[in-house]
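Working through the structure, step by step
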Amino acid sequence: MNQKFIKPFIMKTTLILSTIALTLVFTGCVHEKDPMKESSMFTVSIENVMENKDFLYTGVFNTPVGATDPGPALPGNMFRFSFEAGPGTKLSFATMFGKSNDLFYAPSGEGIELFSGDVALTGDITSQISLYDAGTEINEEPGSGPNQPGNGGAGVGPDENGTVRDIADVMDGFTYPGVSDNIMVNIENDGATGFTVTISNLAGSSTPIAPGVWVIHTADNPLWEEGMTDYGSGLEALAEDGDPSVLAASLEMNTGYVSPLSPGAWAVHESGISPIFMIGVPDFGEGLEEQAENGDPTILAASLLAKSGVIYSGIYNTPLGASGPGPIFPGNSFEFTFTAEEGDYLSFATMLGQSNDLFFSPSETGIPLFVSGTPQSGDITSNIMLYDAGTEVNELPGVGLHQPARLNGGEDEGGNVRIVNDGFTYPAVSSVVKVTITPM
């Protein structure tokens, strides 16, 4: 995953935790060991098992405004598409200059920044659009070449084996109209994270424009890189034939919600208590809010240390193999170790980073560490659920302006802790986190 989008979350978490020892185990109200009970040392692993994705959202625009079926936008018509995006993201798109062999309109390879700080981009952005040559088919006279789609020659022209270039740098002997003579591109914002882009083919345009693709991203050059050959992911079909389907499918495979998981606090405790939260009641005010909103376990850990019925507690904050505290990204994990005996339970909480106040945890009373005298062992992810702390109003996951990766400081919710059910879509717990326990 491109980590630039969540760099503020990393920096904030690291700053919060930089003064904490890398492995912390606190002793609470330790009970005397009962020689009649089984006891064991345990190691718990919390692994981020999400699949890395490079893009946040992607889509196709293929039906002109007012039309009922897909097709090109002829002069006087327009395409329109909408999406959600937050600060730190960029927009890229591509649409074929219809009367050509392999030309397309697009922003630069780097894309268009959608925010300046926390101010959303709006208005006419045509000046940020250029006409590019995909370098995949030899150019012919615009509008009259026998190998151009409008003349029955889609996809049959001789290969060029060139690179993607701004048409201003292509010396093919032909003359092309200025971008603003043919199209106008406008972007609107709803005051938060919603955007609508309109690509108008002007009434005096010299060409139809074809259906295209769009993508929201953070890294540069998601569709192509100027001066380099086509990636082979579908730009050729879009630029030569006006067919966005191959490129759209390629983008879709690499698009989706990805989130880090924050450091957290854990507790070994007696049965029958709810050390971190209770379903259906507000946050105890003992640090869960800071854990669930900011990924900061320090207050919660201090509260657990003083809580009646808690035997051992601590913080996990350093990914395996890392030199310092921070969140875990896909493929990384936290570990912590403790000793417990029959009758003890385990609770913990870790934030879903790309959210407002969501956290992963066992049930409010924890997980029994022994079953019929035998230590728990293996994958216990089925005991983990995604909870809403009820302390901050939820926003679209991965995009919301007030999630830690962006601006933070969202609207107080004043709600109760509950299993998340806010109308947004979240991946299954087992697609995000894997929790295993190993007796030693």
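The coordinates are above.
These lines cover the structure that appears in this document, whether it is placed above or below. (Residues numbered from 1 in each chain as written. Predicted model: local features only at pLDDT ≥ 70, side-chain atom pairs only at ≥ 80, totals over all residues. Heavy atoms only, no water.)

Let's talk about the packing of aromatic side chains
As enumerated under the stated definition, the model contains 24 aromatic pairs in all. Residues Phe 83 and Phe 195 carry aromatic rings whose centres are separated by 5.5 Å and whose planes lie at 15° to one another, so their mutual orientation is stacked. One end of the pair, Phe 83, is in strand β4 (residues 78-84); the other, Phe 195, is in strand β14 (residues 194-201), and 112 residues separate them in sequence. For Phe 83, a relative accessible area of 6% puts it in the buried group. (Phe/Tyr/Trp six-rings, centres within 6.5 Å; stacked < 30°, edge-to-face > 60°. Helix = DSSP H or I, 4+ residues; strand = E, 2+ residues; numbered from the N terminus. Buried < 20%, exposed > 50% of the residue type's maximum accessible area, 1.4 Å probe, protein only.)

Observations concerning the pattern of salt bridges
If you walk through the whole model with that rule in mind, you get six salt bridges. The closest approach of N and O atoms between Asp 220 and Lys 90, which form a salt bridge, is 2.4 Å. Note that Asp 220 is positioned in the loop between β15 (209-217) and α3 (235-241) and Lys 90 in strand β5 (residues 90-97), a separation of 130 residues in sequence. For Asp 220, a relative accessible area of 40% corresponds to the partly exposed category. (Salt bridge = Lys/Arg side-chain N within 4 Å of Asp/Glu carboxyl O.)

Points about the side chain of Ser 100
Among the structural elements, Ser 100 can be located in the loop between β5 and β6 (103-107). Here the side chain of Ser 100 touches Phe 97 through a polar contact of 2.6 Å, landing on its backbone oxygen. Setting aside chain neighbours within four positions, we find Ser 100 in contact with Gln 148 and Pro 149. (Polar contact = N/O pair within 3.5 Å; in protein donor to acceptor, adjacent residues only side chain to side chain. Contact = heavy atoms within 4.5 Å.)

Some details on the nonpolar core
Formed by 34 residues in total, the largest nonpolar core has its most connected members in Phe 83, Leu 91 and Leu 114. Listing elements by their share of this core, those giving two or more residues are β3 (55-61), β4, β5, β6, β11 (129-133), β13 (183-189), β14 and β15. Leave out the neighbours within four places in its chain, and Phe 83 touches Leu 91, Leu 114, Ile 187, Thr 193, Gly 194, Phe 195, Val 197, Trp 214 and Ile 216. Membership of the second largest hydrophobic core comes to 31 residues, among which are Leu 346, Val 429, Val 432 and Val 433. (Core = buried A, V, L, I, M, F, W, Y, C linked by side-chain atoms within 4.5 Å.)

A closer look at helix α4 (residues 245-253)
Within an α-helix, residues lying three or four positions from one another point in the same direction, as the helix has 3.6 residues per turn. Listed as buried for α4 are Leu 247, Ala 248 and Leu 251. Looking straight down α4, one finds its buried side chains confined to an arc of 100°; they lie on one side. For α4, the secondary structure elements touched by its buried residues are β3, β15 and α3. (Arc of directions from axis to C-beta.)

Topic: the sheet that holds strand β10 (residues 123-124)
Across the sheet, four strands lie side by side as β4-β14-β13-β10; this open sheet has antiparallel pairing. Each having just a single partner strand, β4 and β10 make up the two edges of the open sheet. Examined bridge by bridge, β10 and β13 share two bridges and lie antiparallel to one another. Note on β13: the bridge partner recorded for Gly 123 is Ile 187. (Pairing = 2+ DSSP bridges.)

Interpretation in functional terms is not warranted from these geometric data alone.
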